[in-house]
Amino acid sequence: MLRALVLALGGVVCSTALTACSGGDTAGADPGPISSAATSTSPPTTSAPTATTDPPAPVAPTLPDIAKEKSTAGAKAFVKYSIDLLNYSHARASTRAFRASSSPQCGACEVLSDAIEEMRQRGGGQKGGGWSTLSIASLPANGPSQRNFVVHLGIDSGTSRKSRTAPVRRIEAGKAYVDFHLQWENREWRLLDLVPG
């Protein structure tokens with residue numbers, strides 16, 4: 001089940017459930033390390049020096065106030081926040097904030113976090129492939145402290161490489177459904193499970 005999630009949650013880690021990654025090398029699409037900076041390849045001119053600039057560093061998402069409420073609206077806001085955290089985790093190759101927002105019972109969250117960290121340790125990287133929320137619909141809950149949703153996700157195209165020497169794979173743009181299960185724990189929402197639709 002968890003392996004299927006990792007293979008499915010594509011768009012985030014080309015392995016994380018949702019899109020397919022095409023096989024083989026992609027010429028000219030080397031994602032490099034996740035934190036790699038873009039550099040200029042143009043030769044300097046005599047009239048004005050060329051400068052290399054790093055792309056702006058991703059900013060960690062902030063938990064919105066409404067996501068702190070024990071309500072359906074608060075839970076939906078927390079789902080969007082969780083998606084932002086996953087995108088940020090890939091961009092920064094750091095899963096600390098995502099892990100902190102997840103319940104210790106969330107095995108899928110652990111699998112996703114481990115996949116991101118393993119990619120970083122092996123010198124791999126991902127560019128693009130982020131998730132965006134298209135719609136969120138409520139599902140039956142298992143009790144007053146839980147909320148369940150089916151989320152229609154948009155997935156951006158991108159490239160991914162599991163390690164420094166692995167082939168670059170394309171992440172195909174697309175759409176997918178994922179069930180998000182939340183638990184109200186210690187007066188805050190926590191991600192309890194992710195299930196590909």
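Residues numbered from 1 in each chain as written. Predicted model: local features only at pLDDT ≥ 70, side-chain atom pairs only at ≥ 80, totals over all residues. Heavy atoms only, no water.

1. Points about the sheet that holds strand E4 (residues 146-155)
The cut-off we apply is this: Only strands joined by at least two bridges in the DSSP assignment are considered to pair. In this description a helix means any DSSP run of H or I spanning at least four residues, a strand means any run of E spanning at least two, and both kinds are numbered starting from the N terminus. To get an axis, a line is fitted to the C-alpha atoms, and for a helix only the part in contact is used. The angle between two axes follows their N-to-C directions and goes from 0 to 180 degrees. We call two residues in contact when some of their heavy atoms are within 4.5 Å.
The strand order across the open sheet built from four strands is E3-E4-E7-E8, with neighbouring strands paired in antiparallel fashion. In this open sheet, the two strands that pair with only one neighbour each are strand E3 (131-139) and strand E8 (188-196). Each strand of the sheet is rotated relative to its neighbour by a mean of 30 degrees, with strand direction disregarded. Judged from the eight bridges that link them, E3 and E4 form a sheet pairing that is antiparallel. For Leu139, the partnering residue across the bridge sits in E4 and is Asn148. Packing against the sheet, helix H2 (residues 72-92) makes contact with E3, E4, strand E7 (174-185) and E8, and its axis sits at approximately 150 degrees to E3.

2. A closer look at the nonpolar core
The tendency in soluble globular proteins is for nonpolar side chains to be buried side by side. Counted only if it meets this: Grouping buried Ala, Val, Leu, Ile, Met, Phe, Trp, Tyr and Cys residues that are joined through side-chain atoms within 4.5 Å yields what is termed a nonpolar core. Only protein chains enter the accessibility calculation, which uses a 1.4 Å probe. A residue is then buried if its area is under 20% of the maximum for its type, exposed if over 50%, and partly exposed in between.
The biggest cluster of nonpolar side chains holds 29 residues, and the ones touching the most others in it are Val79, Val151, Phe180, Leu182 and Leu191. Looking at this core, the elements that each hand over two or more residues are H2, helix H4 (107-121), E3, E4, E7 and E8. With eight residues, H2 is the single largest residue contributor to this core. Sequence-distant contacts of Val79, that is, excluding residues within four places in its chain, are made with Ile136, Phe149, Val151, Phe180 and Leu182.

3. Topic: the state of the cysteines
What counts, and what does not: Working definition: a disulfide is two cysteine sulfur atoms within 2.5 Å of each other.
Applying the stated criterion to the full structure yields one disulfide. Between Cys106 and Cys109 runs a disulfide, and the two sulfur atoms are separated by 2.1 Å. Between Cys106 and Cys109, the S-S dihedral sits near 70 degrees, and the bridge is therefore right-handed. Judged by its relative accessible area of 3%, Cys106 is buried. In this structure Cys109 comes out as buried when scored by relative accessible area, which is 3%.

4. What about the packing of aromatic side chains?
Filter applied, for reference: Ring pairs are drawn from Phe, Tyr and Trp, using the six-membered ring of Trp, whenever the two centres fall within 6.5 Å, and their geometry is named by plane angle: stacked under 30 degrees, edge-to-face over 60, tilted for the rest.
On inspection of all chains with the given rule, the structure shows two aromatic pairs. Between Phe78 and Tyr81, the aromatic rings sit 5.9 Å apart at their centres with planes inclined by 50 degrees, giving tilted as the arrangement. Note that Phe78 and Tyr81 are positioned in helix H2 at a spacing of three residues, about one turn of the helix. Like Tyr81, Phe78 is buried.

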